[in-house]
Amino acid sequence: MFTSVDDVSARLAETGYLASPAVATTVFLAARLGKPLLVEGPAGVGKTELAKAVPRACDARLVRLQCYEGVDESRALYEWNHAKQLLRISAGRGETWDEARTDIFSEEFLLPRPLLTAIRGDDPKVLLIDETDKADVEIEGLLLEVLGDFQVTVPELGTVTATRRPFTVLTSNATRELSEALRRRCLFLHIGFPDAELERRIVRLKVPGVDAALAESVVRVVGALRAMDLRKAPSVAETVDWARTLLALGASTLDETVVRDSLGVVLKHQDDIQKAAAKLDLDAL
């Protein structure tokens, strides 16, 4: 997929994703070693965006499994089209069960879900297992089998083994500790808040109309907010949203009035907004 770490950085940048050296290196190693990549970090720092950028950079198809509490095997792997199976049985009333069974448990009646879809076929794919920590523990056992051998067993059809392994990214906000068995099968990458220089570059890239001085001010103030003891520190996505907001307001600088009126873009809890309004000193930044 990639020839070098620099190739990763360059091709991701072409898609609009600016990768730090650590991110580019880990992506290159995951692709070269054929191992799943587990990406952890706060919400909004670009974990999912990384998984979306890789298929754009490699001309691959993105297959996404969105995890949530209660997601089960039928939503992750496959299920049978029961309505179509019943119609087929009704249409062949003169058949024996053995004759009907051979037909209804065939590819025509199979509904592949993301995990099965990702390992079938020879076309390049990127499998995104998003917010893995929100799924129940039982799903991890399923992932161990799939990510260990990249194969899925369908009892009625046999074992499906990947002829071309998908580049696999698992994301987690660390709301639940993932098992050591799952971690062992993956390369690990933690994406935290970027340094000021990288965040300025991200803002300038994502908000083309913002000038350098305003971008620098936004990043500096967001950095000060992250240093406070807030319930939810502003993410990179919220930094970008704030820059877009200021551009829409026609603001050329950050003053107390503009900051006070637009804090709700970067802070999502009233007590955080009140704390920031009381403690933020723009003159000291």
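For clarity, every value in this text was computed on a predicted model and none was experimentally measured.

Q: Account for the pairing of strand β1 (residues 37-40), naming residues and giving values.
A: Side chains Leu37 and Val39 of β1 all project onto a buried face; the interleaved residues Leu38 and Glu40 project onto the opposite face, where all are buried too. In this structure, β1 lies alongside strand β8 (residues 167-172), joined through four bridges in parallel fashion. By the bridge assignment for β8, leucine 37 is matched with valine 169.

Q: Any details on the sheet that holds strand β9 (residues 187-190)? Residues and values, ideally.
A: Strand order in the open sheet formed by five strands is β2-β5-β8-β1-β9, with parallel pairing between adjacent strands. Each end of this open sheet is capped by a strand with a single partner; those strands are β2 (61-66) and β9. Looking at each pair of strands side by side, their axes are set apart by 20 degrees on average, direction ignored. Alignment of β1 against β9, held across four bridges, turns out to be parallel. Residue pairing in the sheet places leucine 37 in a bridge with leucine 187 of β9.

Q: Go over the packing of helix α10 (residues 196-206) against helix α12 (residues 236-249), please, and point to the residues and values.
A: The geometry of α10 relative to α12 is characterised by a closest axis approach of 10 Å and an angle of 50 degrees between their N-to-C directions. It follows that α10 is oblique to α12 by the angle criterion. When the axes of α10 and α12 are compared, the crossing they make is right-handed. Facing α10, whose interface residues are Glu199, Ile202, Val203 and Lys206, α12 presents Val236, Thr239, Val240, Ala243 and Arg244. The class makeup of the residues in the contact of α10 with α12 is five nonpolar, one polar and three charged.

Q: Report on a negative patch on the surface, specifying residues and quantitative values.
A: A cluster of acidic residues, Asp72, Glu73, Glu145 and Asp149, forms a negative patch at the surface. One can find glutamate 73 in helix α4 (residues 73-76). Judged by its relative accessible area of 45%, glutamate 73 falls in the partly exposed class.

Q: Tell me about the environment of glutamine 66, and name the residues and values.
A: When you line up the elements, glutamine 66 lands in strand β2. C-alpha separation for the pair glutamine 66 and proline 114, spaced 48 residues apart in sequence, amounts to 9.2 Å. Residue contacts for glutamine 66: discarding those within four places in its chain leaves Asp130 and Glu131. Within the local environment of glutamine 66, its side chain forms a polar contact with the side chain of glutamate 131, the two groups lying 2.7 Å apart.

Q: For the pattern of salt bridges, give the residues involved together with the corresponding values.
A: What the rule picks out here adds up to 19 salt bridges. In this structure, the salt-bridge partner of arginine 61 is aspartate 123, at a minimum N-O distance of 3.4 Å. You can see arginine 61 sitting in strand β2 and its partner aspartate 123 sitting in the loop between α7 (114-119) and β5 (125-130), a full 62 residues away along the chain. For arginine 61, a relative accessible area of 40% puts it in the partly exposed group. What emerges from the salt-bridge pattern is a single network uniting Glu40, Glu177 and Arg183.

Parameters at a glance
- Residues numbered from 1 in each chain as written.
- Predicted model: local features only at pLDDT ≥ 70, side-chain atom pairs only at ≥ 80, totals over all residues.
- Heavy atoms only, no water.
- Buried < 20%, exposed > 50% of the residue type's maximum accessible area, 1.4 Å probe, protein only.
- Helix = DSSP H or I, 4+ residues; strand = E, 2+ residues; numbered from the N terminus.
- Pairing = 2+ DSSP bridges.
- Axes fitted to C-alpha atoms, helices over the stretch in contact; angles between N-to-C directions.
- Parallel < 35°, antiparallel > 145°, perpendicular 65-115°, else oblique.
- Left-handed = near helix turned anticlockwise from the far one by under 90°.
- Contact = heavy atoms within 4.5 Å.
- Nonpolar A, V, L, I, M, F, W, Y, C, P; charged D, E, K, R; others polar.
- Patch = residues over 30% accessible without salt bridge, like charges linked within 9 Å, V, L, I, M, F, W, Y side chains within 5 Å.
- Areas by Shrake-Rupley, 256 points an atom, 1.4 Å probe, with all protein chains shown as cover.
- Salt bridge = Lys/Arg side-chain N within 4 Å of Asp/Glu carboxyl O.
- Lys, Arg positive; Asp, Glu negative; His and termini not counted.
- Charge placed at Lys NZ, Arg CZ, Asp CG, Glu CD.
- Polar contact = N/O pair within 3.5 Å; in protein donor to acceptor, adjacent residues only side chain to side chain.

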